Amino acid sequence: MFGKKKQTPSIDKDQLELIENAQKRIKQKKRLYIHFVVFLIGAVFLIIANTVLGIGEDFKIADINWFVYAILAWLFLFVYHFVNVFITNKFMSKDWEKQQLDRLVAKQQQRIDQLKANLLKEETKIAKIQMKEETQSSKISSVKNKSELTIIVAAGENNAIGKDNDLIWHLSDDLKRFKRLTNGHHIIMGRKTFESFPKPLPNRIHVVITRQKDYKAPEGVIVVNSMADALDAARKDDNPFIIGGGEIYKQAMPIASKLEITRVHSIFDDADTFFPEINTSIWKEISRTTHDADEKHAHAFSFITYDRK
Ligand SMILES: NC(=O)c1ccc[n+]([C@@H]2O[C@H](COP(=O)([O-])OP(=O)(O)OC[C@H]3O[C@@H](n4cnc5c(N)ncnc54)[C@H](OP(=O)(O)O)[C@@H]3O)[C@@H](O)[C@H]2O)c1
């Protein structure tokens, strides 16, 4: 009624073999039964032939009529037949048993081969991941060892740095300082920060980090897929800058050697992006310049430089 799917009987080779063997078994039992009936009739016939019809009446061995020996010999054959069918179960030949065994061994071998292949695949995968991780960390450590890596950021008292993929304030002296410090250097940024610029900043090499494999950027902008690759792209620069945003700052904090913070002395509650907390047991303040609010600057702010302890 509800469009029930029609069942198509499917019997595999093994099932077919089992059915054939069951049929053989039935036939064998049947033959044994027929043998028994023929034996009974034959025995009666032999007795009648000898005693009633007088066939071989005089032929006796050890004073016993020949039909007794004939019946005993037949009985022996019948018992042998019976033993074959019910005790030794010879109906399945040795060849068949060997065939089954070979098939089982072949199946197990197949499973072992499959397991080996899977193991090899796993090992190769793990080796590749380890190699990638080693390459990434060696890229990071080669930059860390050779040069300075500076994080530059402007953050409110509550660490606010942005809202709706834009800055929250406009502080012209802060922008001037940013331009002066990063001038001529590689500036490493997340894809979102890059997209918040109207166009690439002059006289700086932009390194944009994205997970997108086919991200299109204007000519001259270097696009990479990881922080390690970004540092590798900037390896010839003795002081590349990490310029944001929130995601990238978080990833760069453990590897940066210097922080150039513009601390904006206000709290921005409506921000959606934040700078990580600065841990003063790791970072040492080495300089601070304070700037009051004025007609060009809506907020007071301080330029603070931290070095890794
Ligand atoms: N106050 C400041 O000094 C300052 C400075 C810079 C930015 N900002 C502000 O910060 C906000 C943007 O920050 P955000 O955190 O939203 O974004 P973001 O850090 O600029 O960029 C995030 C993007 O970077 C890519 N990315 C991050 N980690 C990656 C990794 N490990 N491997 C590959 N790609 C990776 C991803 O790009 P895909 O999605 O393409 O894969 C991710 O979506 C804006 O409001 C901006 O104005 C403030």
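Residues numbered from 1 in each chain as written. Predicted model: local features only at pLDDT ≥ 70, side-chain atom pairs only at ≥ 80, totals over all residues.

Some words on the overall build of the protein
Here is step 1 of the chain: In terms of helices and strands, the protein carries seven helices and 12 strands.
Here is step 2 of the chain: The globule rule puts the C-alpha radius of gyration for 309 residues at 19 Å, and the 47 Å found for the protein is more than 25% above it.
Here is step 3 of the chain: In terms of overall dimensions, the protein has C-alpha extents of about 150 × 55 × 40 Å along its principal axes.
Here is step 4 of the chain: Counting all 309 residues of the protein, 19% fall into the buried class.
Here is step 5 of the chain: Counting contacts in the protein only where the partners sit at least 6 residues apart, residues at least 24 apart contribute 66% of the total. (Helix = DSSP H or I, 4+ residues; strand = E, 2+ residues; numbered from the N terminus. Rg over C-alpha atoms; globule rule 2.2 N^0.38 Å. Buried ≥ 20, exposed ≤ 12 C-beta atoms within 10 Å, placed from the backbone. Contact = placed C-beta atoms within 7 Å.)

Overview of the site of the ligand
Here is step 1 of the chain: The environment of the ligand is made up of 28 residues, and the closest members are Gly162, Gly190, Gly244, Gly245 and Gly246.
Here is step 2 of the chain: Counting only elements with at least two residues in the shell around the ligand, the list comes to strand E3 (150-156), strand E4 (160-162), strand E5 (186-190), helix H5 (191-196) and helix H7 (246-252).
Here is step 3 of the chain: Partitioning the shell around the ligand into residue classes produces nine nonpolar, 14 polar and five charged. (Near = placed C-beta within 6 Å. Nonpolar A, V, L, I, M, F, W, Y, C, P; charged D, E, K, R; others polar.)

Regarding the domain arrangement of the protein
Here is step 1 of the chain: For the protein, the assigned domains read domain 1 (16-92) and domain 2 (147-308).
Here is step 2 of the chain: On a C-alpha basis, the centres of domain 1 and domain 2 stand 104 Å from each other. (Domains from an automatic or database assignment.)

Digging into the packing of helix H1 (residues 13-51) against helix H2 (residues 66-86)
Here is step 1 of the chain: Contact geometry of H1 with H2 gives a least axis separation of 10 Å together with a crossing angle of 175°. Classed by the angle they form, the pair H1 and H2 counts as roughly antiparallel. The residues of H2 that touch H1, namely those facing Gln28, Lys29, Leu32, His35, Phe36, Phe39, Gly42, Ala43, Leu46, Ile47 and Asn50, are Trp66, Phe67, Ala70, Ile71, Trp74, Phe78, His81, Phe82 and Val85.
Here is step 2 of the chain: Among the residues making up the contact of H1 with H2, the classes are represented as 14 nonpolar, five polar and one charged. (Axes fitted to C-alpha atoms, helices over the stretch in contact; angles between N-to-C directions. Parallel < 35°, antiparallel > 145°, perpendicular 65-115°, else oblique.)

Digging into the nonpolar core
Here is step 1 of the chain: Counting residues in hydrophobic clusters, the biggest one holds 39 residues, and the most contacted among them are Ile151, Val153, Ala155, Ile188, Val207, Ala230 and Ile242.
Here is step 2 of the chain: With sequence-adjacent residues up to four places away left out, Ile151 is seen in contact with Ile242, Tyr249, Ala252, Ala256 and Leu259. (Core = buried A, V, L, I, M, F, W, Y, C linked by C-beta atoms within 7 Å.)

Describing the environment of Ile71
Here is step 1 of the chain: Inspection of the secondary structure assignment puts Ile71 in helix H2.
Here is step 2 of the chain: Note on Ile71: 17 C-beta atoms within 10 Å, which makes it partly exposed.
Here is step 3 of the chain: When the C-alpha positions of Ile71 and His297 are compared, they lie 128 Å apart, and in sequence the two are 226 residues distant.
Here is step 4 of the chain: Once residues within four sequence positions are removed from consideration, Ile71 is found in contact with Ala43 and Leu46.

Topic: the environment of Leu32
Here is step 1 of the chain: By the secondary structure assignment, Leu32 is in helix H1.
Here is step 2 of the chain: You can call Leu32 partly exposed: it has 15 C-beta atoms within 10 Å.

Looking at the sheet that holds strand E12 (residues 301-308)
Strand pairing in a sheet takes place through backbone hydrogen bonds and is either antiparallel or parallel in direction.
Here is step 1 of the chain: Strand order in the open sheet made by the eight strands is E7-E6-E5-E8-E3-E9-E12-E11, with mixed pairing throughout. A strand with exactly one partner marks an edge of an open sheet, and here the two such strands are strand E7 (222-224) and strand E11 (283-291).
Here is step 2 of the chain: With seven bridges connecting them, E3 and strand E9 (residues 258-264) associate as parallel partners. Note on E9: the bridge partner recorded for Ala154 is Thr262.
Here is step 3 of the chain: The sheet contacts of helix H4 (residues 172-182) involve E3, E5, strand E8 (241-242), E9, E11 and E12, and relative to E3 the element is tilted by about 175°. (Pairing = 2+ DSSP bridges.)

Looking at the pairing of E11
Side-chain direction in a regular strand flips from residue to residue, so the side chains alternate between the two faces of the sheet.
Here is step 1 of the chain: Buried residues are scarce in E11, accounting for zero of its nine residues.
Here is step 2 of the chain: Pairing of E11 with E12, which is carried by eight bridges, proceeds in the antiparallel orientation. Directly across from Lys284, in E12, lies its bridge partner Asp307.

A closer look at H4
Here is step 1 of the chain: When H4 is considered as a whole, its buried residues turn out to be Asp174, Phe178 and Thr182. Projected onto a plane normal to the axis of H4, the buried residues spread over an arc of 50° and lie on a single side. Facing away from the buried side of H4 by over 90 degrees, the exposed positions are Ser172, Lys176 and Arg180.
Here is step 2 of the chain: Of the surrounding elements, those touching the buried residues of H4 are E3, E5, E8, E9 and E12.
Here is step 3 of the chain: Positive phi appears at Gly184, one or two residues downstream of H4, with a value of about 80°. (Arc of directions from axis to C-beta.)

A short note on unusual backbone geometry
Here is step 1 of the chain: Cis geometry marks the peptide bond from Gly244 to Gly245, where omega comes out at -5°.
Here is step 2 of the chain: One can find Gly245 in the loop between E8 and H7.
Here is step 3 of the chain: The backbone of Asn159 shows a phi angle near 70°, a positive value even though the residue is not glycine.
Here is step 4 of the chain: With respect to the helices and strands, the residue Asn159 is situated in the loop between E3 and E4.

Concerning the pairing of E9
Here is step 1 of the chain: Along E9, five of the seven residues are buried, which leaves the element largely enclosed by surrounding structure.
Here is step 2 of the chain: Bridge count between E9 and E12: seven bridges; the pairing is antiparallel. Across the sheet, Lys258 pairs through a bridge with Asp307, a residue of E12.

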